Amino acid sequence: MALAARVAEPEPALAVQRVSRVFRTADGAVPALSDVSVGVAPGAFVSLVGPSGCGKSTLLRLLAGLDVPDDGEVLFEGVPITGPSLSRGMLFQDHRLLPWLSVADNIGLGLHKQGLDAEGRRHRVQELIDLVGLNGFERAYPYQLSGGMSQRAAIARSLAPRPRALLLDEPLGALDSLTRAKMQTELLRIWEHEGITMLLVTHDVEEAVYLSDRVVVMLPRPGRIAATVDIDLPRPRHRGDPGFARIKAEILGWLGADGL
Amino acid sequence: MASFAPRRRFDARGLVIPALIVAGWYVVSESGVGNGYVFVTYDRIWATFAAMVADGTLVASIVGTVLRMAAGFAIGAGFGLLLGLATGLSDLAGRVVSPTFHAVRQIAIFAWMPLLTAWLGIGGQTMIALIALGAFYPMVINVEAGCRNVPGPYLEVGRVLELSRWQTIRRIVLPAAAPAIFAGLELGLATAWLSTIGAEYFIAAGDGLGIILSASRMRGSMDGVIVGIVFIGLVGFAINRLLAVIARRAFAWRGEAAR
């Protein structure tokens, strides 16, 4: 399988250029990212895979504007990222719904800069509830939702302000395998429906191969990119296909886990 | 932190100790074993109670105490809320005010009595000031802690959604702090209640349950003291239940599990 050649691509939607990030702990400096460069083409679905400590979540937080690099540049549509922005949605592993707000109010939380009146907000929230299939749960509180439903609500909340890119930090990591497979299909449907750039952090290689146009393989100590694998399998993909299995094996090989 | 007692099913075993006390008192007072001045009989307590109801003393005392407490609590909790929000939301306010606050709060509330009576006279204003102090300290501490201990992940949600500082306070910080603020109200209510009875007992101006205690004691009437104590317990209990009901409604979002 071909390593991604440095072919001419349109200006990346998300770009990380020669970025380093060191965390200082009581035990000394931990290089979370060391000289990492990644580009994500507009509208692409790219995954970052790697074991714990490889810096994949740190990379995502830099792109979200929740953290700043010690070295290098982080760009969105060619402009340096200086902080969080509604144009870059973020989805966390723990759904982080605010427990004191209903599902509808959680989804509407990021609509304050959309220039909508009350009716417009209500309409937009309803549209998103339809999109993620939470009809009938508009007035429920988060504690009344299952894990999968909570993550659907969180997806709706992150899509509400119409971001041009969505950063996903292992959003399906805490779900059981059946719900997880279903949510993967949902994510693809939403990606196709919204036409936005998606960057997914996951430690599940199969999930990455199933969803992505491209998988970036990362390794720890120091956090770095080991390989970039383009996935040109036609969609919809089937996890049992020989091509699927071959790419999965290749990525596992890069992770040093092919013998597992 | 919040100690809203879970609604437990009634269990008759909880009545064993009160029943023993009531029976013991009966035996001691009727048999003449105990000091008749201290262990007054139920007949005399009942007669005193009936007389206090008949001449309106009891109702006037309950109303006086509740109004006094409400006034002092509102003032103390109100200022406590404001100061706690200021020190909880602003590092600067915290740095300027907190050292003084924590030093001053070491002074026992009733140690303020000589100064307060000098400033405000021996009367209603001093009583209300003492009650307000009782509500003030726990309120400040709990509100400040509530505002400072908002989980970081929720604050990140606010950052990612570009909430302004004010929106973050209104939509995230205050709701997250609400249980702690309510715990401050509950604790403030408890100390304000102690302060109310103490202030009434020592200052004894106007009508109040604590004033029944001091007046009865001076007359050597233990029956009056007992009536006063029983109603102090009943009113305190009623206030606490009221707060628990309010808390249950206000925190529906926490679900059954959190109650």
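Here, every reference points to the structure presented above.
Residues numbered from 1 in each chain as written. Chains lettered and ligands numbered in written order. Predicted model: local features only at pLDDT ≥ 70, side-chain atom pairs only at ≥ 80, totals over all residues. Heavy atoms only, no water.

Asks: Quick one: what's the story with the overall build of chain B, residue by residue and with numbers?
Replies: Helix and strand counts for chain B stand at 10 helices and zero strands. Its helices and strands taken in sequence order, chain B reads α-α-α-α-α-α-α-α-α-α from the N to the C terminus. Taken along the three principal axes of its C-alpha coordinates, chain B extends 75 × 50 × 30 Å. Within chain B, buried positions represent 42% of all 259 residues. The contacts of chain B with a sequence gap of at least 6 include a subset with a gap of at least 24, amounting to 71%. Carbon and sulfur atoms form 69% of the exposed surface of chain B, whose accessible area is close to 13900 Å². Of the charged side chains in chain B, 20 are positive and 13 negative; the average position of the first set lies 8 Å away from that of the second. (Helix = DSSP H or I, 4+ residues; strand = E, 2+ residues; numbered from the N terminus. Buried < 20%, exposed > 50% of the residue type's maximum accessible area, 1.4 Å probe, protein only. Contact = heavy atoms within 4.5 Å. Areas by Shrake-Rupley, 256 points an atom, 1.4 Å probe, with all protein chains shown as cover. Lys, Arg positive; Asp, Glu negative; His and termini not counted. Charge placed at Lys NZ, Arg CZ, Asp CG, Glu CD.)

Asks: Kindly report on the interface of chain A and chain B, identifying the contributing residues and their values.
Replies: Facing 23 residues of chain A, the contacting portion of chain B comprises 19 residues. When the buried surface of chain A facing chain B is broken down by residue, R96(A), W100(A) and L109(A) rank first, second and third, together holding 30% of it. Taken together, chain A and chain B are joined by three salt bridges. In this structure, R96(A) engages E156(B) in a salt bridge whose closest nitrogen and oxygen atoms are separated by 2.8 Å. In this structure, the connection of chain A to chain B is made through eight residue pairs in polar contact (both at pLDDT 80 or more). (Buried area = accessible area lost by both parts, 1.4 Å probe. Salt bridge = Lys/Arg side-chain N within 4 Å of Asp/Glu carboxyl O. Polar contact = N/O pair within 3.5 Å; in protein donor to acceptor, adjacent residues only side chain to side chain.)

Asks: How would you explain the sheet that holds strand β3 (residues 45-49) of chain A if you had to name every residue and give the values?
Replies: All names here are of chain A. Taken in spatial order, the six strands of this open sheet run β6-β7-β8-β3-β9-β10, and their pairing is mixed. One side of each edge strand has no neighbouring strand; the edge strands of this open sheet are β6 (88-91) and β10 (224-230). Each adjacent strand pair in this sheet contributes to an overall mean axis angle of 15°, direction not counted. One ladder, built from four bridges, connects β3 with strand β9 (residues 214-219); its direction is parallel. Residue pairing for β9: V49 is matched across the bridge by V217. Across the sheet, helix α4 (residues 147-159) touches β6 and β7 (165-169), and the angle it forms with β6 is around 165°. (Pairing = 2+ DSSP bridges. Axes fitted to C-alpha atoms, helices over the stretch in contact; angles between N-to-C directions.)

Asks: Any chance you could break down unusual backbone geometry for me, citing the residues and the numbers?
Replies: All names here are of chain A. Residues R221 and P222 are joined by a peptide bond in cis, for which omega reads -5°. With respect to the helices and strands, P222 occurs in the loop between β9 and β10. In this structure, the amide linkage connecting R235 to the following residue, P236, adopts the cis form with an omega of 0°. As for its position among the elements, P236 is in the loop between β10 and α7 (242-254). Located in the positive-phi region is R18, a residue other than glycine, with phi close to 50°. Inspection of the secondary structure assignment puts R18 in strand β1 (residues 14-25). The residue R162 is not glycine, and still its phi comes out positive at about 50°. Along the polypeptide, R162 turns up in the loop between α4 and β7.

Asks: So what's going on with the packing of helix α6 (residues 124-148) of chain B against helix α8 (residues 165-203) of chain B? Which residues, and what values?
Replies: Packed helices, taken two at a time, are described by the angle between their axes plus the distance between the axes. All names here are of chain B. In contact at an axis separation of 7 Å, α6 and α8 are set at 160° when each is read in the N-to-C sense. As the angle between them shows, α6 and α8 are arranged roughly antiparallel. In the crossing of α6 with α8, the sense of the turn from one axis to the other is right-handed. Looking at side-chain class alone, the contact of α6 with α8 contains 18 nonpolar, nine polar and one charged residues. (Parallel < 35°, antiparallel > 145°, perpendicular 65-115°, else oblique. Left-handed = near helix turned anticlockwise from the far one by under 90°. Nonpolar A, V, L, I, M, F, W, Y, C, P; charged D, E, K, R; others polar.)

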